[in-house]
Structure formats: structure tokens, C-alpha cells
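Below are the chains, spelled out letter by letter.
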There are 2 protein chains.
Amino acid sequence: MDIHQILRVVNVIVFCVCFVNGYITYIAIRLPLQGEMSAPGSPWPHPKELNSTTQTLSLDMADFEIGSNVIGCDVIEKGIARHKAMLGFGHKDDTLHAVEDLQIHVENTSCQAYPYLGMDESYTLEADQHATLRANSIWGVLRGLETFSQLVYTTATGQARINKTSIVDEPRFAHRGIMLDTARHFIPLPVLLKNLDAMSYNKFNVFHWHIVDDQSFPYQSIRFPGLSHKGAYSPVHVYSQTDIKTVVEYARLRGIRVIVEFDTPGHTQSWGKFDRDLLTPCWHNGHKGEAEYNRHGEYELMNPMLNSTFTFLEELFSEVTSVFPDDYVHLGMDEAYHYCWASNPDVRAFLTNVLGLNASDFSGLEQYYIRRVLDIVSKTHKKTIIWEDPIEKGLKADKDVLVEVWRNEQNWTNNMEEVIQRGYSAILSSCWYLNYISYGQDWRQYYSCDPHHFNGTTQEKARVVGGEACVWSEYIDATNLLSRLWPRASAVAERLWSPGHINNTDDASFRLDQQRCRMVRRGIPAEPILNGFCGDYDLGMETEAVQPSNICTNTATTVPKSNIVLTVIGVSVLLQTVRILRVD
Amino acid sequence: MDIHQILRVVNVIVFCVCFVNGYITYIAIRLPLQGEMSAPGSPWPHPKELNSTTQTLSLDMADFEIGSNVIGCDVIEKGIARHKAMLGFGHKDDTLHAVEDLQIHVENTSCQAYPYLGMDESYTLEADQHATLRANSIWGVLRGLETFSQLVYTTATGQARINKTSIVDEPRFAHRGIMLDTARHFIPLPVLLKNLDAMSYNKFNVFHWHIVDDQSFPYQSIRFPGLSHKGAYSPVHVYSQTDIKTVVEYARLRGIRVIVEFDTPGHTQSWGKFDRDLLTPCWHNGHKGEAEYNRHGEYELMNPMLNSTFTFLEELFSEVTSVFPDDYVHLGMDEAYHYCWASNPDVRAFLTNVLGLNASDFSGLEQYYIRRVLDIVSKTHKKTIIWEDPIEKGLKADKDVLVEVWRNEQNWTNNMEEVIQRGYSAILSSCWYLNYISYGQDWRQYYSCDPHHFNGTTQEKARVVGGEACVWSEYIDATNLLSRLWPRASAVAERLWSPGHINNTDDASFRLDQQRCRMVRRGIPAEPILNGFCGDYDLGMETEAVQPSNICTNTATTVPKSNIVLTVIGVSVLLQTVRILRVD
């Protein structure tokens, strides 16, 4: 098939297949798109093995069941209900055989309480008249249900279709995360939940919650309510304990771990609004508590000289590790600039008199601080993650401390090699700072970054447990988080889930376009990746007073455009959020 | 006041003044913000003359009237109703005198049908116990009402306040536009209307509607319904005549002109789906209608050899100029690449045999085409705007053709000088292509671009009638348009409205932050410009089942956060849109 033919096919398909499909286009003839068009109903991220046929089945939701051999497990029951709702678009086609049921067979039917690092997410899927989803654990079922719901598409006349397909799938990396910073801007609860939805559509399994920072302290502590009372932007810019339970539960039902980060010893100015003594007094011009601009503030960095600092941290982390059930807690430990410590004569005295170190060994002081915090947290039986900085400064920590590599966006391989060669396991985020934006298809650079593309042995590479797309929120809040993150983070999702050889960006663009339209249809305002449109639906095109049951049921054929009663941007968002609050 | 004191004041203000104010912050002490903090209730764009006092009045909406000497003019009546609704937040403070009424005095009480280039938008405003707004025309009243509603703010305890203020104001430039491309992506009607809201909050007065292009033809023609039937992305990606009337009416009530663009002879591939003969057959390898990739398509550029092309255009523009009431129509005429014409032997014969030109004088052919189209449109008694390209290629046109300078983003001054020196009036958009994005505060570069910063006499500079922020929609649709455009376009708004000496970006950042929070409160998802928050409200933080009457009435003090019944992203959007559809 030469390029002329391909382009004609593209044009034909544009007006033949609708709904959850996207149609990227360029000035179609002069500048044709590169890469291989994807079939409708192509899943994202790409499964490990996918055998798709052109044999097409119909789907009639009135006559379709999902059954499972797991009894009384809310993860499975609510997962099935969620995906049945997502499948509820399109109508049957009596000229085709229909897929009548999907039977789920789980090897280990235990309803595990929470997802965890290394949980078994593998599954096999046979899409046929009697479809079968097999998995070893309930977490694999969730991933398989997501894939199944992505295989379904509709025709131009609104008929639901699924092609006979065989899939064998498992993730390439165990840790596939999104890091959100909720301190530079507060991200309201409904947006966090919608982001968890989007994560589940892309098989992410970790929400790394960078919950506090210099700018604000929105975490409402039980033991120390003054932290948010004084440190939050305002009384309403706070995550209550109820909010946090809602997030953790919403994530659990989607097989997503919530790893909270309380970043110290730097990035803690908001903590000082609660208790200034938690921070080190900085000196300038012979005065205590005076800032030297562009070097240090009046008070900053946790104060390692006072035992009260560590007592406080012990109490705080004791609370935090019970509020967040995941096995891991993230301790930050990045960007501990030493200017403030160096300005303080008491710190220098402490270094020599108490620690027996050189008076200017601030790295030694940093390590002293970190080791004490690691000891505190180890008493809670949690495992820990830290940013790479202290390791590069020579910190010796237990080898089960996970190290997150974030420096050198373009040239992170040296950083990764150093961390790995020192014997640690690692998470990569350097190349995936999605808050940085540039014009055009920057998803391609995220897609091209591979956590294994560094010099190391097979054993060493096996110590890379995954990666995270990071969103620092200097310029991000509820107004733009979801549209900025999606579908750019989807590129990271496929890199972390799919085999490394699935790496052709041109081919991927067609599937990514489908995936972004799928997300739009499901209420995520994922931005476009190029000229084009989403089937017969784009955000803002709801054309009647929509009831919750109408989600995914509007089609151009059934709803005349002239019937505008309530045309609303974000009705999907509204409805989805109403549903969210039931925490199904 | 030294920097320490300023920063303490900043911190105090953060927790004292709420609501429509924004609080940008940096890691507050180590990296302080530059510039002068703005008082609460600072208007954007900055008025020509603003005398604000610290004498504060209360506002009690139950006991506040807006009266006018204009009878039976919907622009005034609906404008007053709109602004009263926007003022309906905060409660009274009995310890202060209240502003009791705002009396509007218009010199020319004529209820002019449509806004127009050069309409009188000047006004004076005295905010006092009996406030007064004086204007020469109804359009000045709209601008003054907008300013008045921006002067009102609330305290931390929810009390509505306005400082005694005197304002003398008028725009620096007459043409202050936003150009939206609705062809690369379809932008649904509700989003267009919300964008008109945002424009009115920033005193823009032109919506330049780039309605069709190569990629799609969403304009539903009365005379040629096949244009959108064949050329739109899908049957629902279409602007009906009703939709267009809605847009024009919604804009009129806000003093915004709608200038439609039908761009020819290039950018017309979607037209060819309706009638291929409208386009020129391109030749390649001796075959007619064959593409040469990266040079030309199979058919492109309007066909200037056929009289039927011009007959068609005459009928189309006859319709278009009656559908869009503005005095101007935009004819495009940009980027007419000659490859296709050059490939076609019939074109070369036409050049010599019919036009008597050199067989390779494709610029001559382009000018022949443009002059015929200008003649056609002049018969409709419309004035015309074209992009700069043909003028630079030597086109001689009537001097009342307005020329839009768009080339050379960073070095547009030569382009402007050429257009102006050839005797034309101009609109600047080169430095305001807001679809291009970069990380951080790129609004500062837009703010720093001044349409008068080129070499020219005072008379020449007076021929710059204004500017436009352009949004080409390769990567933009309903998911991200509003958050990407606002508040970045606000920077352009101030440059075009306010005196040229209001140009300190550091000072502006505080007022822009207020303006962005004002927009968020009014339902525009304007993105943040730096770390911080909006008073006691950010998008996504609605905390009860909101009724339309609740717009701008939720405060932290009256609505406990625990009362979450319906927490919704974009409820404001929903409610605003419900209101929109009444076209008030």
C-alpha cells in the first residue's frame, strides 16, 4: 500500500469509525502523517503480546455479563461495575455474533487489602463470543478489565464492536507512578480523584503525593493540627483526614498505591510557620534569624541540633505511616542547600563538639540528620524512598532504601549509573518532569526515554523498579492540571508498562490519539496531540440535559444537535465527580 | 520600607484579604518577588488615570442600585444585570459607609446596534457613596461597568469593600482582538461564549473568527450546505446559523465585534471536499491531480483560471457579509505557496495567454486573484482585512484595506514598517501567537511587546489601529483553550488598552494575579502565573450543591467544608453556561 492509498484509507476511516476513536490529521495531503494507523479499539499501553484479528463481534450491553470466581471482594465487584458503565455505549448489531459474556478466573482469589510493590498485575485475555480474562491476582484482573474496555469501539452508526483478540500481558516495570505537588498550588480533592481515574486508564499504579513543601502545608495532621492551621494557604486549602481516606480508598479500588512524601530537611519553610524551632536559624550580618537573599532565608532547613526536632518527626511519621497504608513512605531529602547551616555559628560548634566532625562538614551534618530520620521511620516498619541527592553526596544507607533519580533531565544516565553501582534500587523521573512544557508534541521525548538506557549489567538494570512522571505545580492547579498532564503522561505509561521494543513514536501517535479521545469520552480533559477531532464527540459537545446514566451514551445519531437544552463544558466532569463522591 | 517589611506585609495581606484576590508567592523569603504589591480591587487592564484612596466603603447588594439615563437599550440593561450578578458576593459592614448606588450618565443615549472600529469606549468613574459613571456612548458604559465591578473586593471575613477611587479611562488602541482558529480543532459553542466572557473581563473588543481552514470547514453555509456537509470533521463539528447568531449576539451585548475570516486562496483544502474544481489541480510526474509531498497536494489553492471560482466566492461572500454584521470581513490571503500553480501547465498558459504576464509570474497571478476577490467583497460594502503577505509581495490595494502583521515573532518591526510605509493601516499580531508556549511566565514577553515600538513618525504610528492575540489550534481544543489563553491574553489586553508607560512587568504581576483569580471566580479556568492561591477559592473547591444564584456567593465562612454534597470541577462553568444559553 503506497502513501496515496494509506491516505485515502485514513479519509475513509475518519467518517466510518466513531466514538472513542481519534483522528489526528495534518494538512492531510501536503504533509501526511508518518507511522502505521492503528485499528479501532487499540489498547494503550500496548500489551506485551497482542494478536488482533479482523473478525468482528457485536456487543449488546443488555445481554452481556461479566462474571468472576472471586466472591465478596470489593476491588473486583466495583471494578466490574466501573467497566460495565464504561462499556455502556453503542448498540447491538444483529448481523454479527455478539460477545455474550466475560468470565474472570483468578488463581489467587484472596481479596488483598492494598496494592503493593511487586503485586502480580499479569493477565491473559481472550476476546471472543465467550470472553475470558485470567489473572493470578485481583490486581491483574483490574488491568485486564481496563484492556477489555479499551477493545470495544463503535461504528459510524453507533454499533458497538469488538474484534476477536488474544492478549498476554504483564508490566515491564513494577513501579509506575505520577508525582503530584499539592503545596505550590493546592489541588482540590475532585481533581486528585479524576487524576486517579486517568491513571487507571493508563495502568499507572503509584500516586506519589508530594503533599507539603516550602510554600504550604495542606496536610491536616491529627497530632499537630497547627501545621496546616498555620502552614496551609488558607483554611480551605487543606486535605482533611477524610479527604485523605477518600483518596487512599479511591486509589485502592483501582490498584493504585498512594505513597506520601514529607520532604525534609529542605523544602520545609511552611513547617516553620507552625513551630519556628523546627527550622535552623540562619545568620547574616552577625544577626540570628536574618535572611541573606538568594542564599538563605531567616529560618530554613530542619534544625538538626535540637532533639525536639527528631521527637517531633517521630510523632509526625508515626501518624503519617498509619494514615497512609502503603509499605513505603517518601522522605524527600533533596536540595538541602547548606547556606543557612553554614551561616550559623552554633551549627559549626555542634559539628565539632557533638558530632566530632570538621566544622564545615555540612554534608556530614546532612547525613547525620538523614540517618536519624531513617532510623525513626524504620521503627514504623515502613520502607523508604528518597531523592538521589544524599546518595550522590556519599550517604551510606540500607540497600532497601529506594532511590529516585530526578537530576539532569537530558543526561540522567550518569546519575542512574552512580545510584545503581552503589547497590541501590532506583526509580527514574529525570526525563519525565511533565510540568516543563514546550510547543508541539513533547510527548515524543517522554516516550523515547527508557529507564534501561544506561550502562549496566542485566542484574543492575533489574534494580530499576520503574519510573514516575512528576508534576511540580509552580504553574499548575485545578485549571490546567488534567489537560497538561494527559495524554503526555500516557507516553510515560506505555514506556513503563509495554515491552521496550514497542518504541516507534510515529506508530504510537495513532494509538495515543485514540487513547486521548477515550479519556475525553470518560471525562478527562486530555489535550489534543495534533490537528483533528474525536469521532463524533469532543469535550464541550454534550447536547442534552445529561443524566449520569447518559455517560457514554450520547451519539450524533440519537441526539439531534438542535435539541440543546443544556450545553455544557465539563458535564462529563460533573457527572464523573458525582459518581466519584460515592467512592465506587 | 525595606524588603523585610514588604515581605511581612505580603504575609499579613495573604491572610487578611480574600476572595477575588490572588496571592502569588515564591519560596517567600529566599527568593522574594520583585515589584510593587497591588491594592485589593486593582483593575485590569490598568486605567489611563487611576486615583485610588485608602478610604474604604462597604457594599450591600440588598441596598445597592445601578441606574442609568438610557431607556430601553438592551446593551445597557443586560450589562447592568450582568455586573450586578458579578458584584453579588460578600456581605455588608455596618461600621462603614456603603456605596449606595451607581448612576450612569451617557452623553449619546443612542442604543447603537453593533460595536464598530473607533466606537467611543471612554468613560470616567467616581467610586464614592453615590458612585458615578459617565460615558459618551453605551460602549463606554460597558467598559466602566467592568472596571467598577473589578474595584469591589472582600475582606477575610467576607465583607464587600470598595475604595474611594477616581478613574478617567479610554483605550490606547481601537482594535483589541483575540483570533481563534476553529478549523484545526472545532471549538464548541459554549467555549466560544465563555471566551467572549473572558474577553469582556479584559476589555477586548474584537473576536476575529478564523472559522475555516485546510483541515475542516465547520461554517454551515445557507447557500452551499455541502461545504460543511463535506468539509466539516463530522456532522456535529459544525457551526449552524443559529450558533453563529448566538455568538454575534452574545458578543454585541459585551461590546465585542465579530470579524469572520474566510481565508483564501491557500488554506482551502477543506473547500475542495465540497467542489474539487474550486481548487487548482496540481501536477506531478506528468499527471494532473497528483501530489508532490512536502511541495503540494493533489489539489490546492483556489483555481484562479475558472470564472466559476469567482462566481462561487461572490455568492459565498454575499451570504457571509449578511450573516456577520461587522463592517469588516477578513479575507486571509496568507501563505499562498506557489508550488501547485507552478506545477500546472494550464496555469502557465493562463498567465501568458489571458493575463499577459510572464509564465512564471505566480505573484502576478496571486495579485490577480486577490484583486478580483477584493472587488467582489467591495460590492458588499464591507471593508476588508488581509494578512500581510500580499502587501510584502507588492500588492497594490486601496488604502482602507487593513493589514494584519503576523510574521517574524521576534523581529516584526521591519514587517510593520514596510506595511505602514506603503500607506496602510495595520494590526499587530506577530508577537502575540499565544498557541506557542514555553515554560514559566511567558506572559511577560507578550506584555513587553508594544505595537508602537517600530521606526515611524507619529502619523505613521497612528495608523496602527491595534493588535490581536492569535490562537492557532493545532494543539488546542475545548480541553485546554481557556486555561492556555487566560491570563496570558490578559497581558496583551493591558498592552492594547492602557497607556504605554504602564509597562513594569514586576508590578503588573500582582495585578495580573488578581485578575486571573477574578476570572477563576467568574468561571474562567485561567491558569496560575506562579506559586500561590486565590483567596479562599480556587477552581474545583465549590463546597455545596450550587444553585445559579450562588455564583460568587460561596465563602469559607458561610459554607463549612465538611458539607460536601456536590464537589465539582467546573460548576462555575456549568452555571455560567446555563446562563449563557439565555444570551443575557
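Keep in mind that what you see is a predicted model, and the values were worked out from it rather than measured.

## Some points on the sheet that holds strand β18 (residues 383-387) of chain A
All names here are of chain A.
Now for step 1: Pairing is parallel around the closed barrel formed by eight strands, whose spatial order is β10-β11-β12-β17-β18-β19-β20-β21. Across the sheet, the mean angle from the axis of one strand to that of its neighbour is 30 degrees, orientation sign disregarded.
Now for step 2: Strands in contact with helix α8 (residues 307-323) are β12 (257-264) and β17 (328-332); relative to β12, the strand with the most contacts, it is inclined by about 165 degrees.

## Section: the packing of α8 of chain A against helix α11 (residues 362-378) of chain A
All names here are of chain A.
Now for step 1: Between α8 and α11, the least distance of the axes is 9 Å, while the angle of their chain directions is 35 degrees. Between α8 and α11 lies a crossing of right-handed hand. Across from Asn 307, Phe 310, Leu 313, Glu 314 and Phe 317 in α8, the residues of α11 making contact are Tyr 368, Tyr 369, Arg 372, Val 373, Ile 376 and Val 377.
Now for step 2: Looking at the contact of α8 with α11 residue by residue, the classes come out as eight nonpolar, one polar and two charged.

## A look at the state of the cysteines
Residue and element names in this part refer to chain A.
Now for step 1: Under the counting rule described, the total for this entry stands at eight disulfides over all chains.
Now for step 2: The disulfide partner of Cys 431 is Cys 449, and the gap between their sulfur atoms is 2.0 Å. Linking Cys 431 and Cys 449, the disulfide has an S-S dihedral of approximately -75 degrees and is accordingly described as left-handed. Taken together, the positions of Cys 431 in the loop between β20 (425-428) and α14 (443-448) and Cys 449 in the loop between α14 and α15 (458-462) put the pair 18 residues apart, joining distant regions of the chain.
Now for step 3: Sequence-ordered numbering of the bonded cysteines in chain A gives a pairing of 1-2, 3-4, 5-6, 7-8.
Now for step 4: As a non-bridged cysteine, Cys 470 has Cys 431 as the owner of its nearest cysteine sulfur, 9.8 Å distant.

## Remarks on unusual backbone geometry
One can expect most non-glycine residues to show negative phi and most peptide bonds to be in trans.
Now for step 1: Residue Pro 487 of chain A follows Trp 486 of chain A across a cis peptide bond; omega there is 5 degrees.
Now for step 2: Take Pro 487 of chain A: it is sitting in the loop between α16 (481-485) and α17 (488-497).
Now for step 3: In this model, Trp 44 of chain B is joined to Pro 45 of chain B through a cis peptide bond whose omega is -5 degrees.
Now for step 4: With respect to the helices and strands, Pro 45 of chain B occurs in the loop between β2 (22-24) and β3 (49-58).

## Side note on the domain arrangement of chain A
Accessible area lost upon the coming together of the parts is a frequently used measure of interface size.
Now for step 1: In terms of domain boundaries, chain A breaks down into domain 1 (15-42 + 504-540), domain 2 (49-169) and domain 3 (175-262 + 306-330 + 362-502).
Now for step 2: For domain 1 of chain A and domain 2 of chain A, the distance between their C-alpha centres works out to 23 Å.

## Comments concerning the UniProt feature "domain: Glycoside hydrolase family 20 catalytic" (unreviewed entry) in chain A
Now for step 1: As annotated by UniProt and renumbered to match this structure, "domain: Glycoside hydrolase family 20 catalytic" (unreviewed entry) occupies residues 173-499 of chain A.
Now for step 2: Within the segment residues 173-499 of chain A, helix and strand shares are 37% and 17% respectively, and the terminal C-alpha atoms sit 9 Å apart.

## Points about the pairing of strand β7 (residues 130-135) of chain B
Residue and element names in this part refer to chain B.
Now for step 1: Note: strand β5 (residues 101-106) against β7, six bridges, orientation parallel. Bridge pairing links Val 106 to Ala 135 in β7.
Now for step 2: Relative to β7, strand β6 (residues 123-127) runs antiparallel, the two sharing four bridges. Paired with Glu 126 across the bridge in β7 is Thr 132.
Now for step 3: The antiparallel hairpin formed by β6 and β7 contains two residues in its connecting segment.

## A look at the pattern of salt bridges
Residue and element names in this part refer to chain A.
Now for step 1: Applying the stated criterion across every chain, the model contains 58 salt bridges over all chains.
Now for step 2: In this structure, the salt-bridge partner of Arg 254 is Asp 197, at a minimum N-O distance of 3.2 Å. In this pair, Arg 254 is assigned in the loop between α6 (241-252) and β12 and Asp 197 in helix α4 (residues 189-201), connecting sequence segments 57 residues apart.
Now for step 3: You can call Arg 254 buried: its relative accessible area is 1%.
Now for step 4: When salt bridges with common partners are traced through the structure, they connect Asp 181, Arg 184, Asp 213 and Glu 474 into a single cluster.

## Examining the environment of Glu 36 of chain A
Residues and elements named next belong to chain A.
Now for step 1: Among the structural elements, Glu 36 can be located in the loop between β2 (22-24) and β3 (49-58).
Now for step 2: Its relative accessible area of 57% is what places Glu 36 among the exposed residues.
Now for step 3: Residues within four places of Glu 36 in sequence aside, it is in contact with Asp 507 and Phe 510.

## Details of the environment of Lys 164 of chain B
All names here are of chain B.
Now for step 1: Note that Lys 164 resides in strand β9 (residues 160-169).
Now for step 2: With 36 residues separating them in the primary sequence, Lys 164 and Asp 128 have C-alpha atoms 5.3 Å apart.
Now for step 3: The contacts of Lys 164, once residues within four sequence positions are left out, are Asn 51, Ser 52, Thr 53, Gln 55, Leu 57, Ala 127 and Asp 128.

## Section: the packing of aromatic side chains
Now for step 1: Applying the stated criterion across every chain yields a total of 58 aromatic pairs over all chains.
Now for step 2: When the centroid spacing of 5.3 Å and the interplanar angle of 25 degrees are considered together, the rings of Phe 207 of chain A and Trp 209 of chain A count as stacked.
Now for step 3: Relative to Phe 312 of chain B, the ring of Trp 271 of chain B has its centre 6.2 Å away and its plane inclined at 65 degrees; by these criteria the two rings are edge-to-face. Taken together, the residues Trp 271 of chain B in helix α7 (residues 269-272) and Phe 312 of chain B in helix α8 (residues 307-323) connect sequence positions 41 residues apart.
Now for step 4: For Trp 271 of chain B, a relative accessible area of 0% corresponds to the buried category.
Now for step 5: Overall, Phe 312 of chain B belongs to the buried group, its relative accessible area being 6%.
Now for step 6: In this structure, Lys 203 of chain A is placed above the aromatic ring of Trp 497 of chain A, and the distance from its NZ or CZ to the ring centre is 5.6 Å.
Now for step 7: Here the guanidinium or amino end of Arg 495 of chain B rests over the ring plane of Tyr 447 of chain B, the centre of that ring lying 4.6 Å away.

## Side note on the nonpolar core
Now for step 1: Counting residues in hydrophobic clusters, the biggest one holds 238 residues, and the most contacted among them are Phe 262 and Trp 486 of chain A together with Phe 262 and Trp 486 of chain B.
Now for step 2: Not counting the four nearest positions on each side in its chain, Trp 486 of chain B is found in contact with Ile 178, Asn 195, Ala 198, Met 199, Asn 202, Phe 204, Met 519, Ile 524, Ala 526 and Glu 527 of chain B.

## Brief notes about the sheet that holds strand β12 (residues 257-264) of chain B
Residues and elements named next belong to chain B.
Now for step 1: The strand order around the closed barrel formed by eight strands is β10-β11-β12-β17-β18-β19-β20-β21, and the pairing between neighbours is parallel. Neighbouring strand axes in the sheet, compared pairwise and without regard to direction, differ in orientation by 30 degrees on average.
Now for step 2: Summarising the sheet, strand β10 (residues 175-181) and strand β21 (residues 464-471) pair through six bridges and their orientation is parallel. Bridge pairing in β21 links His 175 to Gly 466.
Now for step 3: Each of β10 and β11 (206-210) is contacted by helix α4 (residues 189-201), which is oriented at about 150 degrees to β11, the strand it contacts most.

Calculation rules
- Residues numbered from 1 in each chain as written.
- Chains lettered and ligands numbered in written order.
- Predicted model: local features only at pLDDT ≥ 70, side-chain atom pairs only at ≥ 80, totals over all residues.
- Heavy atoms only, no water.
- Pairing = 2+ DSSP bridges.
- Helix = DSSP H or I, 4+ residues; strand = E, 2+ residues; numbered from the N terminus.
- Axes fitted to C-alpha atoms, helices over the stretch in contact; angles between N-to-C directions.
- Contact = heavy atoms within 4.5 Å.
- Left-handed = near helix turned anticlockwise from the far one by under 90°.
- Nonpolar A, V, L, I, M, F, W, Y, C, P; charged D, E, K, R; others polar.
- Disulfide = S-S within 2.5 Å.
- Domains from an automatic or database assignment.
- UniProt positions renumbered as here; feature names shortened; annotations may be inferred.
- Salt bridge = Lys/Arg side-chain N within 4 Å of Asp/Glu carboxyl O.
- Buried < 20%, exposed > 50% of the residue type's maximum accessible area, 1.4 Å probe, protein only.
- Phe/Tyr/Trp six-rings, centres within 6.5 Å; stacked < 30°, edge-to-face > 60°.
- Lys NZ or Arg CZ within 6 Å of the ring centre and 35° of its normal.
- Core = buried A, V, L, I, M, F, W, Y, C linked by side-chain atoms within 4.5 Å.

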